[in-house]
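The chain contents come next:
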Amino acid sequence: MAELKQQVAIVTGASRGIGLAIATELSRAGAHVACVARGLEGAVAAAAGLRGEARGYACDVADSSACTELVKRVEEELGPIDILVNNAGVTRDNVLVRLKDEDWTTVLDTNLRGAFNLTRAVARGMMKRRSGRIINIASVVGLTGNRGQTNYAASKAGLVGFSKSAALELASRGVLVNVVAPGFIDTDMTAELGEDTRSELADQIPLGRIGSPGDIAGVVRFLAGPDSTYMTGQVLVVDGGMVMHG
Ligand code: NAP
């Protein structure tokens, strides 16, 4: 499988969980992957486990100038960027009335502004080369809402509007922008829920299980690869059937 041969991909939040699975999947498909996280050690360790010319980079996606610098470095070290996966994300859950200003700012700055920072930084190059794939990792919560997650749901719903607008702007230049909205996936982000809650949740999922990071990575590879040439501005829900809209 070398469908992404010689292509250069940036994956944010690649040191663990869904991002690590995406980085692994893209590298297996032949891409050279820049693994990005705030922690350099985790990013480098992730890259060390990949095929091709993978490298780890420390970057806080909420920091606009750090993102511009990151793109410059990746282009110098790996080459022009073909694929951007905005996966880095955080939660700061609390009911609305108890949510602190910083809980709002941290989540919006990482999940939404982070995607804007990097999309803007890669867009010009992709437009010039008349090709590129941008894949943003949202959440079903951005489509349905969720108690205790007004900040997180707003960031993920914002990502959908952002992606559709960017898809419209970039389509004529051959740059495709799509969203993957995962349901409940087994990672550190969801690990703090107890076994009882997890099995109750699994019971509500038509496919009968919590998702694995690999379930998301395969869909991202499809969106990044040659089998997906006529889709842009779309939201692919990958949640075991948990949310079905008519
Ligand atoms: P995770 O296990 O908590 O991993 C988060 C990753 O993002 C880590 O690599 C972390 O590394 C990085 N990160 C966090 N803040 C960052 C920042 N400001 N700049 C750069 N990197 C940053 O999360 P996950 O469960 O794999 O989730 C990945 C994405 O999927 C997120 O966008 C999440 O909202 C979304 N999602 C997850 C689920 C789920 O059930 N797990 C469901 C729907 C959507 P550092 O800490 O070193 O920065």
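Residue positions are counted from 1 within each chain, in the order its sequence is given. Local features in a predicted model are, by the rule used here, given only for residues with pLDDT of at least 70; side-chain atom pairs are given and counted only at 80 or more, and totals for whole chains, interfaces and linings are based on all residues. Side-chain measures here rest on the full set of heavy atoms in the structure, leaving out hydrogens and waters.

(A) Representation of the overall build of the chain in the model. Secondary structure elements are taken from DSSP: a helix is a run of H or I of four residues or more, a strand is a run of E of two residues or more, and numbering for both begins at the N terminus. Looking only at helices and strands, the chain has 9 helices and 7 strands in total. For this measure, only C-alpha atoms enter the radius of gyration; the expected value for a globule follows 2.2 Å times N^0.38, where N is the number of residues. Rg of the C-alpha trace for the chain: 17 Å, near the compact-globule value of 18 Å for 246 residues, within the 12% margin. With respect to the principal axes defined by its C-alpha atoms, the chain has extents near 45 × 40 × 40 Å. Counting contacts in the chain only where the partners sit at least 6 residues apart, residues at least 24 apart contribute 69% of the total. A total of about 11800 Å² of accessible surface is found on the chain, and carbon and sulfur atoms cover 49% of it. The contact rule is simple, with two residues in contact once any of their heavy atoms fall within 4.5 Å. Where accessible areas are quoted, they stem from the Shrake-Rupley method and a 1.4 Å probe; at the residue level, only the protein chains shown are allowed to cover.

(B) Geometry of unusual backbone geometry. Notably, glutamine 6 is not glycine yet its phi reads approximately 65°, a positive angle. Given the relative accessible area of 53%, glutamine 6 is considered exposed. Positive phi outside glycine occurs at arginine 130, with the angle close to 55°. Checked against the element boundaries, arginine 130 lands in the loop between α4 (101–129) and β5 (132–137). Partly exposed describes any residue whose relative accessible area lies between the buried limit of under 20% and the exposed limit of over 50%, with all areas from a 1.4 Å probe on protein chains only and scaled to the type maximum.

(C) Representation of the site of the ligand within the structure. Lining the immediate environment of the ligand, one finds 30 residues, of which Ser15, Arg38, Asn87, Tyr152 and Thr187 sit closest. Between the ligand and serine 15 there is a distance of 2.6 Å, counted from an oxygen atom to a side-chain nitrogen or oxygen. Within the side chain of threonine 187, a nitrogen or oxygen atom sits 2.4 Å from an oxygen atom of the ligand. Contact with the protein chains removes 95% of the 890 Å² of surface that the ligand exposes when unbound. For the shell around the ligand, the secondary-structure elements that each account for two or more residues are α1 (17–28), α6 (150–170) and α7 (188–191). The nearness test applies per residue and asks whether one of its heavy atoms lies within 4 Å of the molecule or strand. Contacts described as polar in this section are N or O atom pairs within 3.5 Å, which, within protein, must combine one atom able to donate a hydrogen with one able to accept it, while residues neighboring in sequence count only if both atoms come from side chains.

(D) Inspection of the nonpolar core at higher detail. Buried Ala, Val, Leu, Ile, Met, Phe, Trp, Tyr and Cys residues form a nonpolar core when they are joined through side-chain atoms within 4.5 Å. If you look at the biggest cluster of nonpolar residues, it comprises 29 residues, and the most contacted ones within it are Ile22, Leu26 and Val33. Beyond its immediate chain neighbours, meaning those up to four positions away, valine 33 contacts Ala9, Val11, Ala23, Leu26, Ser27, Leu50, Glu53, Ala54, Arg55 and Leu78. Counting 25 residues, the second-largest nonpolar core is a separate cluster that includes Val36, Cys59, Leu118 and Val177.

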